[in-house]
Amino acid sequence: MKRIVVLILILAFCLSLTAFLPAHSAAAEEETYLLIERDNVALYEDTRKAPVLFVIPRSYYVKVLELNYDENYHKVEYNGIVGLIKASEVSAKTENNVQDPYYTAQSISAHISTHLYKRPSFLEAEDSGIIAYGATLTFLGKISGEKGTYGTSTWFAVSYSGHDKPFYIHAAMTENLDLLETALPLHPNSAASTAVTTDAGTDSDAAESADSSKGVDVVRILLIVGIFVPIVIILVVLFRPPKKRSRNRSEDDEGGY
């Protein structure tokens, strides 16, 4: 009876394990991205009026949150900022699990006594009260705003301290005026940046990908073996036939006289 109970428990464990594995795989869903293939593609605020937040750097990606959010827009995320992009400005083709989809290599250095703004405007009501000088500000993109007394109307949209909304700083209030003229580096996936890749390099990447796939398969096999081998051993121990009992020692002793 005990053997039957143990067998039932082992079978129940195996069934629960096989039921868990597909659910675990499904939980690790692939992230889907859209490529920004041209200049002046803007990220819009997810509001009824949908004002522009900033222009997304060309050749980088936005993560898809909801395709066809409405008849004109997709809902996406760019470097932690959620917003809308016009469906007419991007290709319908999506890509999965893009590495380093956002441009994060550029930090903005603000002048002393400079604040971040909630909008690209010098209106007092738009001042966030956050001191920009010395803060870690990651460049998101550019936007045209209030010119003020400066010679340009360009503002930089920046991310700050994990906020889910961008902040703004006028280009002339930073040490990064070179961004006004200098083009940003293209994403490594861009056709222009990969045009110099040799066939040998491509073959090397393919080989690395194949090796990676083999490594994953080996890990899976080892996990399966590690789970089921102990179960097989337990079953063998439980259900092997009992050994024949040796004759009574007293009988052996009598035979010896």
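Structure: above.
The rules behind each value
- Every residue gets a number counted from 1 within its own chain, in the order that chain's sequence is written.
- For a predicted model such as this one, the threshold for reporting local features is a pLDDT of at least 70, and the threshold for listing and counting side-chain atom pairs is 80 or more; totals across whole chains, interfaces and linings nevertheless cover every residue.
- Heavy atoms from the whole structure form the basis of all side-chain values; hydrogens and water molecules are not counted.
- By convention a nonpolar core is built from buried Ala, Val, Leu, Ile, Met, Phe, Trp, Tyr and Cys residues, the set being connected through side-chain atoms within 4.5 Å.
- Think of it in three bands: residues with accessible area under 20% of the maximum for their type are buried, residues over 50% are exposed, and the middle band is partly exposed, with areas taken using a 1.4 Å probe on protein chains only.
- Contacts are assigned to residue pairs with any non-hydrogen atoms lying within 4.5 Å of each other.
- Where helices and strands are cited, they refer to DSSP runs of H or I of at least four residues and of E of at least two residues respectively, numbered from the N terminus.
- The criterion for strand pairing is that DSSP finds at least two bridges linking the strands in question.
- Here a polar contact means two N or O atoms within 3.5 Å. Within protein one must be a hydrogen donor candidate and the other an acceptor candidate, and residues neighboring in sequence count only if both atoms are side-chain atoms.

Caption draft 1: Here's a closer look at the nonpolar core. Counting 40 residues, the largest nonpolar core has L43, F54, Y78 and I169 as its most contacted members. Ignoring anything within four residues of it in the chain, the contact list for I169 reads I108, A110, T114, L116, A132, W155, F156, V158 and T174.

Caption draft 2: Expanded view of the pairing of strand β5 (residues 73-78). Counting buried positions along β5 gives five out of six residues, so the element sits mostly inside the fold. The pairing of strand β4 (residues 61-66) with β5 spans three bridges and is classified as antiparallel. Following the sheet pairing, V64 is matched in β5 by V76. Between β4 and the antiparallel strand that follows it, β5, lie six residues; N68 among them carries a positive phi value of about 50 degrees. Relative to strand β6 (residues 81-86), β5 runs antiparallel, the two sharing six bridges.

Caption draft 3: Expanded view of the side chain of E45. Secondary-structure assignment places E45 in the loop between β2 (42-44) and β3 (52-55). Excluding anything up to four places from it in sequence, E45 contacts A50, P51, L53, L84, R119 and K165.

Caption draft 4: How the structure looks around the side chain of N176. In this structure, N176 sits in the loop between β12 (167-170) and α2 (199-239). Of the polar contacts made by the side chain of N176, one reaches the backbone nitrogen of S109; its length is 2.9 Å. Setting aside residues up to four positions removed in sequence, N176 forms contacts with Q106, S107, I108, S109 and F156.

Read these as geometric descriptors, not functional statements.
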